[in-house]
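Below, each chain spelled out in residue letters.
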Amino acid sequence: MGLPVVLMPGRMNPVVAEGLDGKVELIRLWEAADPDAVLAERRDDIVAVATGGTRIDGAFLDKLPAVRIVAGFGVGYDQIDAAAAAERGVVVTNTPGVLDDEVADTALGLLLMTVRELPQAERYLRAGKWRDGPYPLTKATLHGRRMGILGLGRIGQAIADRVAPFGVSVGYHNRHRKDVEYHYYPSLLEMARGVDILMIVVPGGGDTRRLIDAEVLEALGPDGILINVARGTVVDEPALADALRDGTILAAGLDVFEDEPNVHPGLLDVPNAVLLPHVGSATIPTRNAMGNLVVENLLSWFSYGLPVTPVPESADLVKPRD
Ligand code: NDP
């Protein structure tokens, strides 16, 4: 029997190809002169897909009837229609856990940058303005603030652990209450009223689309700070730009945007937004760990029929092979 054939639709971290080398036949679709011809020619051979950001939906999977697993790079898998995959008997995997600390560190850095206006202060120095006088005192301090975490999951918990030593109190809103010490808000709006930092760490996708709208921003209030390390789709960006411009909230720190790499012009225009180019997990060690987990998922699937980290939508499909 030949090696299993794995399709890689777009470029991925090189550790994925290195880890699969010699164990699978890898089709690098983005290198093909005519990708559609490759898909048509190999449609009955390709049994797995390894993907970093390509949209994989039902229509895509219908072109590849032999595929049984889609191994995604990243814990967020909103680019993969896991429900459509499950309907077709296709398992989806992601890379949870190995990036929690990195993303939580980024969230904390972004929070401090935003509260204390550190990027603005650095730009002030580089522009030579320090000679004219000190950078203005910031309105906000981190001390004594109350943080509401929207999405107290793996990364949310790592963020909660980190803010405790800063003297920041924590509450959270999930759809389900957890057995944790933090105050639970059954409603997001109620949480926005009760805190002055809103930390967004929920998954993207249809269920969370624009959860942060004008009403939630109004509830957060004029001392409020919004930090988003989740997905840009969770926030109504035009409403956020308005809220930052007119002082409905104090400031925002954003690592993610709805139409990456394009950033809503209203967010680029306001001085009280700190903007990062989706670097939450972007270190070499963490990205390598994520790539290795993609490889482990595929190799474990080929050997035992058991992926390491299937997404919840695939739960019914995951059972050991006879
Ligand atoms: P988890 O699945 O561990 O946690 C997600 C949490 O969100 C759960 O506690 C869940 O609780 C809650 N949640 C889900 N849907 C809703 C909803 N509709 N309303 C309220 N709460 C909801 O995920 P992770 O912590 O591992 O990752 C979270 C997200 O962070 C990823 O999906 C990804 O999009 C983003 N991320 C961003 C990165 C970056 O580079 N900026 C890097 C890595 C991840 P419940 O089910 O009870 O609602």
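Residues numbered from 1 in each chain as written. Predicted model: local features only at pLDDT ≥ 70, side-chain atom pairs only at ≥ 80, totals over all residues.

Enquirer: How would you sum up the overall build of the protein chain? Please name residues and give values.
Expert: Helices and strands together make up the secondary structure of the protein chain, namely 12 helices and 12 strands. Whereas a compact globule of 322 residues would reach a radius of gyration of roughly 20 Å, the protein chain reaches 22 Å, a difference of no more than 12%. Taking the principal axes of the C-alpha coordinates as reference, the protein chain spans close to 70 × 45 × 30 Å. A buried classification covers 41% of the 322 residues belonging to the protein chain. Looking at the protein chain alone, contacts between residues at least 24 apart form 61% of all its contacts between residues at least 6 apart. (Helix = DSSP H or I, 4+ residues; strand = E, 2+ residues; numbered from the N terminus. Rg over C-alpha atoms; globule rule 2.2 N^0.38 Å. Buried ≥ 20, exposed ≤ 12 C-beta atoms within 10 Å, placed from the backbone. Contact = placed C-beta atoms within 7 Å.)

Enquirer: Lay out the nonpolar core with the relevant residues and their values.
Expert: Met199 and Ile200 are the most contacted members of the largest nonpolar core, which has 90 residues in total. Ranked by the residues each element gives to this core, the list is headed by helix α5 (residues 100–115), at 7 residues. Here this core spans two domains, and each of domain 1 (5–98 + 285–317) and domain 2 (100–275) adds at least three residues to it. In contact with Met199, not counting residues within four places along its chain, are Ala107, Met147, Gly148, Ile149, Leu150, Ile159 and Ile227. (Core = buried A, V, L, I, M, F, W, Y, C linked by C-beta atoms within 7 Å. Domains from an automatic or database assignment.)

Enquirer: Go over the sheet that holds strand β11 (residues 251–254) with me, naming the residues and quoting the values.
Expert: Taken together, 7 strands build an open sheet; the order of strands is β8-β7-β6-β9-β10-β11-β12 and the sheet is parallel. In the strand order of this sheet, the two ends are held by β8 (183–184) and β12 (273–275), each with one partner. By the bridge criterion, 2 bridges tie strand β7 (residues 169–173) to β8 in an arrangement that is parallel. In the strand pairing of β8, Gly171 is matched with His183. Across the sheet, helix α7 (residues 154–163) lies against β6 (146–150), β7 and β9 (197–200), angled at about 170° from β6, the strand it touches most. (Pairing = 2+ DSSP bridges. Axes fitted to C-alpha atoms, helices over the stretch in contact; angles between N-to-C directions.)

Enquirer: Give a description of the UniProt feature "domain: D-isomer specific 2-hydroxyacid dehydrogenase NAD-binding" (unreviewed entry) in the protein chain that names residues and reports values.
Expert: In this numbering, the UniProt entry assigns the feature "domain: D-isomer specific 2-hydroxyacid dehydrogenase NAD-binding" (unreviewed entry) to residues 108–280. Secondary structure over residues 108–280 splits into 32% helix and 16% strand, and the C-alpha atoms at its two ends are 10 Å apart. (UniProt positions renumbered as here; feature names shortened; annotations may be inferred.)

Enquirer: Break down the site of the ligand for me, with residues and values.
Expert: Gly76, Gly151, Gly153, Arg175 and Gly280 are the nearest of the 29 residues found near the ligand. In terms of residue class, the shell around the ligand is made up of 12 nonpolar, 12 polar and 5 charged. (Near = placed C-beta within 6 Å. Nonpolar A, V, L, I, M, F, W, Y, C, P; charged D, E, K, R; others polar.)

Enquirer: Talk me through α5; I want residue IDs and the actual numbers.
Expert: The α-helix advances 3.6 residues per turn, and as a result positions three or four apart in sequence lie on the same side. Its 16 residues place the ends of α5 22 Å apart at the C-alpha level, agreeing with the 22 Å of an ideal helix rising 1.5 Å per residue. Restricting attention to buried positions, one finds in α5 the residues Asp100, Glu102, Val103, Ala104, Thr106, Ala107, Leu108, Leu110, Leu111, Thr114 and Val115. Within two residues after α5, Glu117 carries a phi angle of roughly 55°, on the positive side. (Expected span 1.5 Å × (residues − 1).)

Enquirer: Give a description of the domain arrangement of the protein chain that names residues and reports values.
Expert: Structurally, the protein chain comprises domain 1 (5–98 + 285–317) and domain 2 (100–275). Placing a centre on the C-alpha atoms of domain 1 and another on those of domain 2 gives a separation of 33 Å. On the side of domain 2, 7 residues touch domain 1, which itself brings 5 residues to the contact. Split by residue class, the side of domain 1 that touches domain 2 holds 1 nonpolar, 3 polar and 1 charged.

Enquirer: Give a detailed account of helix α12 (residues 284–304), specifying residues and quantitative values.
Expert: Relative to the 30 Å expected for 21 residues at 1.5 Å per residue, α12 spans 30 Å between its end C-alpha atoms, a close match to the ideal helical length. Three or more residues of α12 are buried, namely Arg287, Met290, Gly291, Leu293, Val294, Val295, Asn297, Leu298 and Trp301. Looking at the buried side of α12, the elements it contacts are β1 (5–8), α1 (14–20), β3 (46–51), β4 (69–72) and β5 (91–93). Following α12 by one or two positions, Gly305 adopts a phi angle in the positive range, close to 70°.

Enquirer: Can you lay out the pairing of strand β2 (residues 25–28) for me, pointing to particular residues and giving the numbers?
Expert: Regular strands place their side chains on alternate faces of the sheet. As paired elements, β1 and β2 share 4 bridges and run parallel to each other. Bridged to Met8 within β2 is Arg28. Tracing the backbone out of β1, into α1 and back to the parallel element β2 gives a crossover that is right-handed. (Right-handed = clockwise from strand over helix to strand, strands pointing away.)

Enquirer: Outline the UniProt feature "domain: D-isomer specific 2-hydroxyacid dehydrogenase catalytic" (unreviewed entry) in the protein chain, supporting the account with residue identities and numerical values.
Expert: In this structure's numbering, the residues bearing the UniProt feature "domain: D-isomer specific 2-hydroxyacid dehydrogenase catalytic" (unreviewed entry) are residues 26–308. Between the end C-alpha atoms of residues 26–308 the distance is 20 Å, and the span holds 36% helix and 15% strand.

Enquirer: Pulling in residues and values, what's your account of the environment of Thr248?
Expert: Position of Thr248 among the secondary structure elements: in the loop between α10 (237–245) and β11. Each C-alpha atom of the pair Thr248 and Asp223 lies 8.4 Å from the other, and the pair is 25 residues apart in sequence. What Thr248 contacts, discounting residues up to four positions off in sequence, is Leu217, Glu218, Pro222 and Ala243.

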